[in-house]
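Below are the chains, spelled out letter by letter.
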Amino acid sequence: MFSEQAAQRAHTLLSPPSANNATFARVPVATYTNSSQPFRLGVGVKKLCELQPEEKCCVVGTLFKAMPLQPSILREVSEEHNLLPQPPRSKYIHPDDELVLEDELQRIKLKGTIDVSKLVTGTVLAVFGSVRDDGKFLVEDYCFADLAPQKPAPPLDTDRFVLLVSGLGLGGGGGESLLGTQLLVDVVTGQLGDEGEQCSAAHVSRVILAGNLLSHSTQSRDSINKAKYLTKKTQAASVEAVKMLDEILLQLSASVPVDVMPGEFDPTNYTLPQQPLHPCMFPLATAYSTLQLVTNPYQATIDGVRFLGTSGQNVSDIFRYSSMEDHLEILEWTLRVRHISPTAPDTLGCYPFYKTDPFIFPECPHVYFCGNTPSFGSKIIRGPEDQTVLLVTVPDFSATQTACLVNLRSLACQPISFSGFGAEDDDLGGLGLGP
Amino acid sequence: MADQLYLENIDEFVTDQNKIVTYKWLSYTLGVHVNQAKQMLYDYVERKRKENSGAQLHVTYLVSGSLIQNGHSCHKVAVVREDKLEAVKSKLAVTASIHVYSIQKAMLKDSGPLFNTDYDILKSNLQNCSKFSAIQCAAAVPRAPAESSSSSKKFEQSHLHMSSETQANNELTTNGHGPPASKQVSQQPKGIMGMFASKAAAKTQETNKETKTEAKEVTNASAAGNKAPGKGNMMSNFFGKAAMNKFKVNLDSEQAVKEEKIVEQPTVSVTEPKLATPAGLKKSSKKAEPVKVLQKEKKRGKRVALSDDETKETENMRKKRRRIKLPESDSSEDEDSPGAYEAESPSPPPPPSPPLEPVPKTEPEPPSVKSSSGENKRKRKRVLKSKTYLDGEGCIVTEKVYESESCTDSEEELNMKTSSVHRPPAMTVKKEPREERKGPKKGTAALGKANRQVSITGFFQRK
């Protein structure tokens, strides 16, 4: 390109000197912006104890959000305030919330261009700004750790699917959801549908049950408050529900590998990470080695694709203390912050890890899901180093009768929903096909 | 031919029995592949409608397909009534499959009954739920029950590191081999194990239970303490003439019952380690055994006691049993009363020694054990008591017999070895009232039928 243009001149300089000497005008500058700010070495990362007033610097620390509406057990039991226990709310944010940045030695209040309502306690971030006279740190910019490095997934030649279901809600007394559950099991085990559909169902290589297998109503503790003579021969509601679950797991594990994660209402420990359900509860289903009882959060590599997911407690806890409304958005945000559950153990129960925090992402997964969300959502996001992640919010099956099918080859997700027919409602409406 | 059969079957189910015939139900009932069942249902519907257009048949279909919703393509699977089928089909962008779901005579208001039918048939076929399905999974092989139970046991044991409870529950295996609690018990009499080995060998035919029995016996021995000295005498001691034959019979039956004992042992061993072995032994013996039987039991350990429990009904020895029962219940420990086997005693006839051979052998051992483990809890001692009862001919018989009695002071144990003679005086005071109580009871019992347990009110009747 350059040489061709140069070769077009007619005469060369291999000749006696001529009178005219051509001059060419330099092309003017069209646009120019200098965006190499991040490379300026003038900004140092300092500790809070080294801060000088009015000096621009970067500080890295953990956020703490002071919320007046946050339920505090100390305030409740304190008698001098005579406070009644606060009723549970859906969101505890308040315009008066304040952010405080803590590092190893000190803490400092933040103000400035930082979205107080969106952030939650436990987030690790870097802020750029300077300390003011009033002792607060004026933030000009901030950033998170962003996505962790990711190993590329090996390409697959055939379509393989993983079915994600959550919130089966057994023992809840909803007949509609039982039919939906049975239809789901029938589709996966190949009993329902034409041959074409059965062939596709045979490509489902795994089923992951992401928590809340039992319904919230099985957790009722009425028997504690009632008199003993009234509750003498009664059985906990979860006993019947676990029997039903055992039968369903038996049908599933006779046909496909199943991973069962515990959830908020399941009979296992409350603090994260939740331990697997005990196999003695499933005498029929544990006969099959295809049944795997796993922890919450759960990560696995299925056919080369890295899956990581929770039963939804982390996302719903962040939802309560942040202004973010969309569960999918929250899911993406946890990925960018590089921590599965920043609010634990502040507002979410968590095992007191001392040396290492297992909830930090050392590596970026290919599919990141969370269960028991109000609705289905899926999105593909890209990271700064070309990472590709499929985010899936698995809806609560007992409410929506919807599960998710993830295609491992194309990293796409499709919801699959089931319905029967009822007397009152219009069939089309029930199916969601109405106008 | 075969085709007609299924048509008739379906006809019968739907029309005559008024059932809801779903494809799943038909598949399990006729034992055919699910797809075949669906095709059968379809075929039936077609034919029936052709023959008789006014047929009372309501059909539900399963429709599945995809449609665009909220910006993404959603796969829907739905069970619909026949009248809504076309409408639903038209809404779907891509129809993946349609097939007959069920046939029934009456119009269904909602899909609840369909689900119930499927659920019922599934429940009765849980073990082979994927037999007729279109997808077979090679990896889904049910584990053998032994394998799964062992894996579950491993799971348990790995979690129950504090296994002091484990001895109480299951597993003779754990009892014999391992949990710390049972170990403590067995450690005490460790030295005595050897002594009992011969006894055990003589007694137990079964190999398996032997370890348990040894553990038991050892514990018994430790708990019991000294039965040793008097054992030989003891056996001969309470062989009053009248009682002789009965005892013989008892022993014989005991021999025969040894096998039963072994069988019972497991149950016994379960209870045994739970408490102080004496307590455990006591329980078994409490079931009203005659003194002799009791003593025998003590010697042989739980086994004997247990067998006696089983056999006492069948055998005689009501009289002796009755005597023991009540006092036993009061006094804690059981037959292991290392009775000061007062050597003297009513002329010990050379009784059925062979059966007693093993028994006397063990007698010497317990006492030594007892002294060594003197600080054990209450021991049962053999005390000489005279019992008065009415025998078969209506004659009042008094005889001195050894019966177990609990005694908490260790001094007694020491005494036992030395001289049994001292014991009776010390104990007689206690025993007197007991004997008297027993006397009247015995009378009533003797009159009564075999196996009848004396109640506390028997005391009053007699008097």
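Residues numbered from 1 in each chain as written. Chains lettered and ligands numbered in written order. Predicted model: local features only at pLDDT ≥ 70, side-chain atom pairs only at ≥ 80, totals over all residues. Heavy atoms only, no water.

Asker: Please clarify how the confidence of the model for chain A should be interpreted in this entry.
Answerer: For chain A, per-residue confidence averages 84 on the pLDDT scale, and 92% of positions sit at 70 or higher. Note on residues 424-435 of chain A: pLDDT is under 50 here. Beyond four places in sequence and across chains, it has 22 contacts. (pLDDT = per-residue confidence, 0-100. Contact = heavy atoms within 4.5 Å.)

Asker: How should I be thinking about the pattern of salt bridges in this particular structure?
Answerer: Oppositely charged side chains can pair when the atoms bearing their charge come close. In this structure the tally under the stated criterion is 23 salt bridges over all chains. A salt bridge links Glu98 of chain A to Lys109 of chain A, with the nearest nitrogen and oxygen atoms 3.5 Å apart. Linking Glu98 of chain A in strand S3 (residues 98-102) with Lys109 of chain A in strand S4 (residues 107-112), this pair joins segments that are eleven residues apart in sequence. Asp83 of chain B is the partner of Arg81 of chain B in a salt bridge, and the nearest nitrogen-oxygen pair spans 3.8 Å. (Salt bridge = Lys/Arg side-chain N within 4 Å of Asp/Glu carboxyl O. Helix = DSSP H or I, 4+ residues; strand = E, 2+ residues; numbered from the N terminus.)

Asker: Explain helix H2 (residues 23-30) of chain B to me, please; I cannot follow it from the model alone.
Answerer: One full turn of an α-helix is made of 3.6 residues, so residues set three or four places apart face in the same direction. All names here are of chain B. By the criterion of burial, H2 is predominantly enclosed, with six of the eight residues buried. For H2, the full list of buried residues reads Tyr23, Lys24, Trp25, Leu26, Ser27 and Tyr28. Of the residues one or two after H2, Gly31 is the one with positive phi, at around 70°. (Buried < 20%, exposed > 50% of the residue type's maximum accessible area, 1.4 Å probe, protein only.)

Asker: Got a minute to help me understand the sheet that holds strand S8 (residues 204-210) of chain A in this structure?
Answerer: Taken in spatial order, the ten strands make up an open sheet running S10(A)-S9(A)-S8(A)-S7(A)-S16(A)-S17(A)-S3(B)-S2(B)-S4(B)-S1(B), and their pairing is mixed. Here the strands that pair on one side only, and so sit at the sheet edges, are strand S10 (291-293) of chain A together with strand S1 (21-22) of chain B. Of the strands in this sheet, S1, strand S2 (58-69) and strand S4 (94-104) of chain B touch helix H3 (residues 34-51) of chain B, which is tilted by about 70° from S4 of chain B. (Pairing = 2+ DSSP bridges. Axes fitted to C-alpha atoms, helices over the stretch in contact; angles between N-to-C directions.)

Asker: Got a minute to help me understand the side chain of Thr189 of chain A in this structure?
Answerer: Assignment of secondary structure puts Thr189 of chain A in the loop between helix H3 (175-188) and helix H4 (195-201). In this structure Thr189 of chain A comes out as buried when scored by relative accessible area, which is 3%. Here the side chain of Thr189 of chain A touches Val185 of chain A through a polar contact of 2.7 Å, landing on its backbone oxygen. A polar side-chain atom of Thr189 of chain A sits 3.5 Å from the main-chain carbonyl oxygen of Asp186 of chain A. Not counting residues up to four positions away in its chain, the partners in contact with Thr189 of chain A are Gln251, Leu252 and Ser255 of chain A together with Ser133, Ala134 and Ile135 of chain B. (Polar contact = N/O pair within 3.5 Å; in protein donor to acceptor, adjacent residues only side chain to side chain.)

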